[in-house]
Amino acid sequence: MKPGKVVGCNRVAGGCEFRCENAVASVTFAGKGVVRVRAAPGEGFEPDFSWAVVRNEPSGGTFSVERTRERVVLKAREVSVAVEMKPFHVSFYGPGGTLLNSDAEGGGVSWSGRKIRCRKEMPADERYFGFGEKAFHLDRRGKRMVNWNTDAALHTWNSDPLYQSIPFFIGVGRGRAYGIFFDNSWKSFFDMGASSRRYYTFGAEGGEMNYYFIHAPGAKEILERYTWLTGRMPLPPLWALGYHQSRYSYKDEGSVRRVAARMRALGFPCDVIHLDIHYMDDFRVFTWHPERFPRPEKLLTELRAGGFRVVTIVDPGVKRDTGYRVFREGLESGYFLKKRDGTLFYGYVWPGETAFPDFSRADVRRWWGEQHRELTGRGVAGIWNDMNEPSENIKPHARRVSTRRVVHYDGGRYTPHAKNRNVYGLQECRATREGLLRLRPDERPFVLTRAGYAGIQRYAAAWTGDNSSTFRHLRLSIPMLLNMGLSGAPFVGADIGGFTGNCSPELYARWVQLGAFYPFCRTHTAILSRPQEPWSFGRRVAGIARKYISLRYRLLPYIYTLFREAAWTGTPVLRALFMEFPWDEACVGIEDELMVGSSILLAPVLKRGARRRRVYLPAGADWVDFETLERRAGGVTITADAPLHRMPIFVRAGAIIPTQAHVRCADEITMNPLVVEVYPAAFNAAGGGRSVFTLYEDDGATMKYEEGVFCTTAMECRRRRGGVRFTLHRRKGVYHPGARVCELVFRGVDKPLEVRLNGEPLEEETGGADGAGEGRWWYEREGKVLRAAFTDRGERVDVDAGFRG
Ligand code: GLC
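Residues numbered from 1 in each chain as written. Predicted model: local features only at pLDDT ≥ 70, side-chain atom pairs only at ≥ 80, totals over all residues. Heavy atoms only, no water.

**Q** Please clarify how unusual backbone geometry should be interpreted in this entry.
**A** Glycine aside, negative phi is the norm for most residues, and most peptide bonds take the trans geometry. K86 connects to P87 through a cis peptide bond whose omega is -5°. As for its placement among the helices and strands, P87 is situated in the loop between β7 (80-84) and β8 (89-93). With an omega of 5°, the peptide bond between N672 and P673 qualifies as cis. Mapped onto the elements, P673 comes out in the loop between β42 (656-660) and β43 (674-678). One non-glycine residue, L154, adopts positive backbone phi at about 65°. Take L154: it is sitting in the loop between β12 (144-147) and β13 (164-165). (Helix = DSSP H or I, 4+ residues; strand = E, 2+ residues; numbered from the N terminus.)

Shown next as structure tokens:
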């Protein structure tokens, strides 16, 4: 069934409502460049509610409505919508009148029983990105994808669905880009040309046709608007950006202590150790195993003194055991999911028979949050929410369990599981984050999740679940994580080394090289797999792991600033090449290279035995090999050497990358000296050769940044004829890092004739000193490195290096 002809049109807040022969529909401006389309059969809409959207009031600014017999056109600055009347049919146009997207001829919205769908034109040049967590290639054109949160153990390329559902995508074609967020929590699908060459279709098994059309010039701006709508990642604590070590499981205090001690003894920076299910008493959540972990406070205090934090796993399934407080409380208060007939729903998870809290209820979320006292009270730093799709029927316990009759409170409407499953993990993470904030109001929570829905970035970081220790999975992690970022979720990672199976030394080396740049950086492995601590693969691989994990820590000032950018604008930390180089067609679809922010390009080695690889260097920039400092103009494919100890990394010329000295964990970070790596661009008479980076700093731990307690420092590099000028602009903001040494490191420059600091000549260090002393400069011919150091008090500083000619 289709809406049919429009028989009436009224102005409503933000737009128009259309009465059609068989349906009602509305088109409203929800925000800048954001249009909402709703349609429901019959006379009225369902009550308006979303778990994902944080802005419910129309705020699209001014718009006009033009009506003719055939159509109604709603015009706003950023996007216009033309609604044809006979029959109801929607098209979107950009500011210049360019057609962005339109319902298919004879397509658009339709119903079949409870099922809904919307069919749209699919231009030949359009590519599709986003769609949350999927095991497909970067560009999803031609794919059919299902959204239904699933415990996808043993998934591989093309397995679908996986753990998370984010029904959002970005369409990119020549000269146009848009996003569509289909805000429907039922089992849903996107058919992006799998069953037709001319159309794509999305739909769901129930609920309303309710989607947001987002227009902006490019993917970054679309994400800014999408995350305006569904919320952004709050800043994580700095320690959570460090290296995490995990396995299923470190089974007792002794093994945890040994891992911590070896990390330090062998010089691997590390901040976090994860405790998987064996820390619990018979897998009862919010308990400790009395023999294995007899004194958790003592353990956690000692680890903390050594700079380690502990994250514990928490599964939603509560063991059925009337002798167990959490179960009893949940039972007595009626907090668990029930079936339509009022009996409790039990599934089978690690502890055997389990009940599941109904996180759609605010009181249940509060109660669940409160349970974390048992963990935080003993010093647990963060929470790892697993099995929250929810996984309800696992081996070895598996029985015939069906969720068909399960109902969720859902605002008192007791709606079916099918409507609530995809938001179950989202609501659990919300309960966890809010609980942690109540227990420790001054500390930024860290929550890690496996399941999620649109908006999950507001509550938790995510990892991609049970991958395998194979090169194919290493490769798969790139399109997966890039598309998560393109779905609003920037704090993501895959298990380094792979979860299932035995990782080879070579694979671990290649994985840690890439994984050191995953926003969420953790090694984890399954219960029967060989050890996967970074020293487990022999000295050579240990050295490689140390090198790359240390590099991550050195880059934390840069990476933390990228996190802040993600928290403020939704731009992901890891970026597909096409996001940074939208003008370069060759970048679209590249999924074996990626950007960390806009300055660092990674070309990881993804093939067993490979010791070199082809690397495409995007056009419109010059590139500097991070290790050899060799320079090349972009727009070419090169062959890069990649011996096992080396992952090719390229820095975009002009880059300014703030770094810090070697540290073993976040506690040791002082940002003194602040080491600023500068890769000056070539002189360009046309006015190029200027670049800027704005460093973000705050206390890295508390919520004060939300009240504005942070500072930013703009850094600028200008290439001139015969010289280069670096300016550290005056620091802005109310957070004060204190006076410190700033060490400038210019890479790939000739030896200067002189170096001036605020116009005064600096002395050249000619002794055998290692690097430059404060107020001096130093040149290393090998690598063409110029260093200069000075005291940074937050005031403007100009450093000029003058060259011959
Ligand atoms: C699930 C998780 C995995 C964890 C295991 C035991 O398989 O995905 O990370 O180690 O459960 O808790």
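Text resumes after the structure shown.
**Q** Quick question: what am I supposed to make of the site of the ligand here?
**A** Around the ligand, the surrounding shell holds 13 residues, and the nearest of these are D276, D386, R450, D466 and H524. For the ligand, an oxygen atom lies 3.0 Å from a polar atom in the side chain of D386. Here an oxygen atom of the ligand sits 2.8 Å away from a polar atom, N or O, in the side chain of R450. Computed on the free molecule, the ligand has an accessible area of 310 Å², of which 97% lies beneath the protein chains in the complex. The residue inventory of the shell around the ligand, partitioned by class, reads eight nonpolar, one polar and four charged. (Near = heavy atom within 4 Å. Polar contact = N/O pair within 3.5 Å; in protein donor to acceptor, adjacent residues only side chain to side chain. Areas by Shrake-Rupley, 256 points an atom, 1.4 Å probe, with all protein chains shown as cover. Nonpolar A, V, L, I, M, F, W, Y, C, P; charged D, E, K, R; others polar.)

**Q** Whenever I open this one, empty space enclosed by the protein confuses me. Can you help?
**A** If a probe the size of a water molecule is rolled over the atoms, the empty space left behind becomes visible. A complete count under the given rule lists five cavities of 30 Å³ or more for this structure. Computed from the structure, the largest cavity encloses a volume of approximately 100 Å³. The wall of the largest cavity is formed by 14 residues, among which P234, Y459, A460, A461 and F491 lie closest to the centre. Its residues assigned to classes, the lining of the largest cavity shows 11 nonpolar, one polar and two charged. (1 Å grid on protein atoms, 1.4 Å probe; cavity = no way out; pocket = protein on both sides within 12 Å on 5 of 7 lines; lining within 4 Å. Points joined across faces, edges and corners; volume = space filled by probe spheres on them.)

**Q** I'm lost on the packing of aromatic side chains in this one. Help?
**A** Remark: the centre distance and the inter-plane angle together describe each pair of aromatic rings, the angle taken between the planes. Counted according to the given criterion, the structure contains 49 aromatic pairs. A centroid spacing of 5.7 Å and a plane angle of 80° characterise the contact between W384 and W463, whose relative ring orientation is edge-to-face. One end of the pair, W384, is in strand β26 (residues 382-385); the other, W463, is in strand β31 (residues 461-463), and 79 residues separate them in sequence. Classification of W384 by relative accessible area gives buried; the value is 1%. Since its relative accessible area comes to 2%, W463 is described here as buried. (Phe/Tyr/Trp six-rings, centres within 6.5 Å; stacked < 30°, edge-to-face > 60°. Buried < 20%, exposed > 50% of the residue type's maximum accessible area, 1.4 Å probe, protein only.)

**Q** Whenever I open this one, the environment of G455 confuses me. Can you help?
**A** The topology assignment puts G455 in the loop between β30 (452-453) and β31. If we ignore the near neighbours within four places in the chain, the residues touching G455 are Y226, T230 and L426. (Contact = heavy atoms within 4.5 Å.)

**Q** Would you mind going over the pairing of strand β16 (residues 188-191) with me for this structure?
**A** On any regular strand, side chains alternate: one points to one face of the sheet, the next to the other face. Because side chains alternate across β16, one face comprises the buried residues S188 and F190, and the other comprises F189 and D191, equally buried. Alignment of β12 against β16, held across four bridges, turns out to be antiparallel. For R144, the partnering residue across the bridge sits in β16 and is D191. Pairing between β16 and strand β17 (residues 199-204): four bridges, direction antiparallel. Within β17, the position partnered with F189 by the bridge is G203. (Pairing = 2+ DSSP bridges.)

Nothing here speaks to function; it is all geometry.
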